[in-house]
Structures are given as C-alpha cells and as structure tokens.
Amino acid sequence: MAGIDFNELRRRATGAVASNASRANRKYTGPHLNLNLDNSASRTARDELMLFSRVSENSVVTVDGAAVKVICENCADSKFTIRCVITTKSMEIIKCSACEITVSTDVPTITVSNSKNITLHLLEQWNSGRHPSVISLVSCTQTKVYYEGKEYCPVDDEEGAVVGKVIGGNLAFEKGAIDGERRLDVKPKGPTPTPIIDTPSPANTSPPPPPPPPPTKGKAAKTGKATTLTPEMERLTGDWKEAHGFGGHPSWVTPKMVTFDPSAARSDHGNSLPRHEYLDEQSVLEEKVLRLAEYVKRSKFCVAYTGAGLSKSAGISDYATKNLSSVSNTSVTVSSMYEARPSLSHHVLAAMEKAGYLKHFVQQNHDGLPQKAGFPQEKMNEIHGGIYDPSNPVVQFGSNLRADLFTSLSRTEVSADLCLCLGTSLSGMNADRQASTPAEKSLMYPPKAIGTVIINLQQTPLDSKSVLRIWSRLDDALRLLATALGITTVPPASSLSEFPPGDIFSGLPYDPHTGIHNHKLVEYTASTSATTPTGVVESETPLPTTTLNLSKGSHVVIVHPNASNRGAEGVVRGVDSQSHWLIQFECGTYVFGRWWVDSAQRGAIPFLPLVNKQS
C-alpha cells in the first residue's frame, strides 16, 4: 500500500513502552529459530515489547508469559504461537509472508499490514475478553483465517483495508471499498484443517450479498432507496459491548433500528458502515446517561469532540445523513450558516464548561454555535477552520491543518482522560485522534484513561473501543446529562449569549502592531526584560495595550502568526443580523465573531486575530 511509513508504524506500536526508560524491549531475529519463550518470572514482563524481526526459514516460536505488545515484521516461512498475556490487547504483523500464526489469548486488536500468504488460527480465547475482537488486514493478499472450526477467506485488497469482527459467532469481514460494498465469505469446514502454507488461496469470486430488505409488515415511510422502519423494528446485532460500550452492561437491551439506509456513511473517506440509525430504549438511555454523569464527575480533563451532527437540530445539514426520514431531521431551517442559532446541546456543553466539568472543546464544525451559546473562545479548537475567525479560513479536505491548532490538538489528545464524542461519523480525519487516543488508553492494563463516550445515531468505526455507546438524538441525551449533573440553568435552544456592545474597545492587553498578548511567554516577546520563574515578562515600563476599532470603514490587518492569510488587509463594512462584524478582504467578506472581544478584554487568548492597520 503506497504511502505506508513502517518506521512510523513501529514507533506508534512501541510508543507505550518507549516513553518509560525502565521498560524493556525483547527483539528476536534470524533463521531456523526454535524458541519457547516464557518470561513469567520477570518483574517487568507486562512492560516488555516482544519484537520478532526477520525470523525465517521454518522457525518455530511459542510465546508464553506476558508482554505489552507483540510485533512480527519482515518474517517469512515461520510458525508463531501466541499464548502470552498482552497488556495493550493488540498485536501487529507487518510485511510478513508465508507465516502461520496461532493466537490463543485475549488480544482483541490484530493488525496485519502489507503482508502476503498469512494464515491465522484464532482460537476461542481470542474473543473471550471484555473487549470486542477485531482483525484488520491492510494491503494484504492471500490471507486465510480460521476461527473456531471455520475457514474465512477475506477479500484481497492490495490498496485498502478489510476489517473482521465477530458477529453472531461468525467472523464477518467488511471490505473498505469506495462504494461501501460489504462481503462476508464464510466456509464452514468442521474441525480446523491443517493449512498448506505455500499454496496460494484461490481467488474469491463470490458476489457481495444484497443489502437486507426492509420489513414488509407495517407502514413504512419510503424515501428512494432508504426506508424508515416503523412497527417492525430490527435491533443491532453482534457483541453487546459494541452496542453499549465495554463500560455498559450485557443485560441492557440493544438499540433498535429506526431508519433503514444501507448506503455508506462516508464512502468519500473510506467509511463503508451503513447509514442505519438506531435509538436506545428510554430506560437504557437513562441508565447510560447516569453512568456518563459519573464518568464526567470523575474526569480530571474532559474534552468534547464534535462533528456536524451536533448542529443538525440547529438547521445545519451534515454529511453522513442523507435519508429524508432520518430521526435527526428538524423543522428548523436557516438561510445560511451565519443565521443559525445554538441548539440545546450547545447550551448544555457551555453550561458544563461554566460548571467546571468540560475543560476543552475540539470542534470540527465551522459554525461558531458553541461560542454563540457562551462557550469561551480560549477553550475552543476550531481545527478545521471557523467562519467567525478571519485568521482561520475553513480547511478543505486534504489541506494542512493550522500549526498552532494541531499542536493544541496533540496536547489535549494526550491530556484528555474522557472524550465526549458527539455527532461525528469518525471517518478517518486527522482530528479523530482526539477520540481514538483516550479510547486506546482506556483499553490498556491498567487503564490510562476513563475512555471515549460516543453519542450518535449511526454506527462508527470506534464503537467497539468506546467505554460507553449511546444511541440517541444529542439534544435528548444532553438534556438528561444536564439533569444528572445538577445543571439547572441551561438557556433554551436558539437563545444567544450576550457579548460586549459597541464597536470601539480600548485598553486591550495586546501589542497594537503584532496582536501578541503583553504577558505572553518570552518566546513570543521581543523584550529583553527579566522574567519571573513562570516565564512571564517583567518590564520597568508599562506594557503596551491597544484599541480595536471595528466601526464601519475601519481598516484592519490579520496578524495571527499562524494564519495562512497573515498580512491580509480588510475594511469593516458593518454588522450582520446577529451584530457580528462584516469585514471585506480582497478574497471576499469574512465575519468576525463578537465573542473574540470578550476573550480579548479578559486577556484570555494569546493573540488577537487582527488589529487595526497602523498609518
């Protein structure tokens, strides 16, 4: 698969141990190895990485004891039996060929990449833990998988990925095709046969099965290809942890399908999961939200990571929902994104921040609705751009993220012990790390985070790793969450927060030329003054302040040091219907959110996005 950086793969795979110098790596290499490894007596066994590199020529390796992770890379013509306890619950097979690997331990995440003619024997123990078991094949061909007496032949895909999950006792493989095609090729064979390593698997020519038909009983609202199921509703099948999260309970009834739509959610980003929508039973939803409230109260650094679904009830359409019968559809309509007003969910998140529960907000949307609800700009990361920040133009797919915002994302990714993942399909955006990293940390032994809670109507690729999976409209779930947290002062939907009136603002603690906060750390300051132990500049002369004049006809210039359009000049043309400033630049008209002035007056942001042009 073009573009794979195997050094980066190895770095990520070993990252859990590389950060601690006391942890050890065990590397084994060479031909004709006959090893029976057991490090049970070692005090650091659970922190040791087992790396098998260039093992070849009929080597036979058995691993017992414990390891933080097992990696096989560049191995050929060898047999491996993995029986050890793996604390990260993951194993990687990279650039291997003609290898037979038997896994008889709870290791629910197996990734095979850029490999050929691999035979995997997955025994019962592989799917016996509390986490749903998944096998990912990336750029692999001629792969055979045996699971509990059945042979599975995943579809070859030299340029993409095939993912297998245990559903109803069978291993179901899903091919990440552009058109969202799904294939399940199962060949029951009785007892597991002895595989012939050097004989290629025959090409699989079975056509994909057709999508399940909608129920024929009861009344159904038809919308082209998709149909909303009414009385005869199907329930989500498979592992209960995928329906509820591993922090849920197996006795909970699984969510029911309320909208049938087999088309791919985001085929443009490789997410071939169908657009079916599900809802939890009300009693289960209430139990889940109570559990979520306990997680929020326990959390030391809770982060919200939100997608387009958060703004659906505010009248802004999303990418993943195309069905006219979607239960997320609303009667609210807006003529443009600038006219939209915050939903109840935006107000609940703002109230959670005010109450001290929510520390940071990573927003994929561009709409400024969290800020309109009162969420402070200094705790926002509009990673994909914002329509109310002239220094942060909307990022197109495939374009670079702004450097300071990506740095902030990297920090909150590491700091977050709880991520509230709301209204996003998690289709492989770079920013999805904000949700996936806390999820991975929660699966470690012992857990390094509470985990990721996903609230969404549609399935996501991260469901199996969530600590809690809630199937609900966001407004319904967050209304219950506010009550469970004891937050009683939530403004109604569509209400707007109040911001400083007027157009001229004096005494802002920023440099009038550069827009830098006058107490910013030394690395951003040209002063040669002494610094305090905390790095704050001390100066014998008064620190500069600025006046920001945003009255009609005023000239401004973008000065944020990380802005792609730094230096662009504009003229204020007035205000819009919600009193935000309209600024005409050469490339078009931008809107400057009034909340920026509120944050600037408090000195809460490190840089002003823009200042007045100096004569």
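Summarised in this report is the structure supplied together with it. Since this is a predicted model, take the numbers as computed values, not measurements.

## A word on the side chain of asparagine 612
- Locating asparagine 612 in the fold gives a position in strand 37 (residues 610–612).
- Within the structure, asparagine 612 has its side chain in polar contact with the backbone nitrogen of asparagine 549 (distance 2.6 Å).
- Here histidine 555 takes part through its backbone oxygen, which lies 3.2 Å from a polar atom of the side chain of asparagine 612.
- The residues touching asparagine 612, leaving out its near neighbours within four places in the chain, are Pro512, Thr547, Leu548, Asn549, Ser554, His555, Val556 and Val557.

## Thoughts on the sheet that holds strand 30 (residues 468–470)
- Taken in spatial order, the six strands of this open sheet run 27-26-25-28-29-30, and their pairing is parallel. In this open sheet, the two edge strands, each paired with only one partner strand, are strand 27 (380–381) and strand 30.
- Sheet analysis places strand 25 (residues 302–306) next to strand 28 (residues 418–422), joined by five bridges and oriented parallel. Looking at strand 28, one finds that tyrosine 305 is bridged to cysteine 421.

## Points about the pairing of strand 34 (residues 569–575)
- As paired elements, strand 33 (residues 555–558) and strand 34 share three bridges and run antiparallel to each other. Residue valine 556 lies in a different strand from strand 34, and its bridge partner there is glycine 570.
- Alignment of strand 34 against strand 35 (residues 581–585), held across five bridges, turns out to be antiparallel. Each bridged residue has a counterpart across the sheet, and for glycine 574 the counterpart in strand 35 is leucine 582.

## Describing the packing of helix 6 (residues 403–415) against helix 7 (residues 433–442)
- Running from N to C, helix 6 and helix 7 point in directions that differ by 20°, and their axes come no closer than 8 Å. Put simply, helix 6 runs roughly parallel to helix 7. Helix-helix and strand crossings are classified by hand; for helix 6 and helix 7 the assignment is right-handed. Between helix 6 and helix 7, the residues in contact are Phe406, Leu409, Thr412, Glu413 and Val414 and Arg433, Gln434, Thr437, Pro438 and Lys441, respectively.
- Of the residues that constitute the contact of helix 6 with helix 7, the class distribution is four nonpolar, three polar and three charged.

## What to know about the pattern of salt bridges
- Considering all chains together, one arrives at 17 salt bridges under this definition.
- For glutamate 281, the salt bridge goes to arginine 235, with nearest N and O atoms at 2.6 Å. With glutamate 281 in the loop between strand 24 (277–279) and helix 3 (282–298) and arginine 235 in the loop between strand 20 (226–228) and helix 2 (240–244), the pair connects residues that are 46 residues apart, well separated along the chain.
- Here arginine 402 makes a salt bridge to aspartate 404, at a shortest N to O gap of 2.8 Å.

## Quick look at helix 6
- With 13 residues, helix 6 should cover 18 Å at 1.5 Å per step; its first-to-last C-alpha distance of 18 Å lies within 8% of that length.
- Where helix 6 is buried, its residues meet strand 25, strand 26 (360–363), strand 27 and helix 7.

Reading the values: rules and limits
Residues numbered from 1 in each chain as written. Predicted model: local features only at pLDDT ≥ 70, side-chain atom pairs only at ≥ 80, totals over all residues. Heavy atoms only, no water. Helix = DSSP H or I, 4+ residues; strand = E, 2+ residues; numbered from the N terminus. Polar contact = N/O pair within 3.5 Å; in protein donor to acceptor, adjacent residues only side chain to side chain. Contact = heavy atoms within 4.5 Å. Pairing = 2+ DSSP bridges. Axes fitted to C-alpha atoms, helices over the stretch in contact; angles between N-to-C directions. Parallel < 35°, antiparallel > 145°, perpendicular 65-115°, else oblique. Left-handed = near helix turned anticlockwise from the far one by under 90°. Nonpolar A, V, L, I, M, F, W, Y, C, P; charged D, E, K, R; others polar. Salt bridge = Lys/Arg side-chain N within 4 Å of Asp/Glu carboxyl O. Expected span 1.5 Å × (residues − 1).

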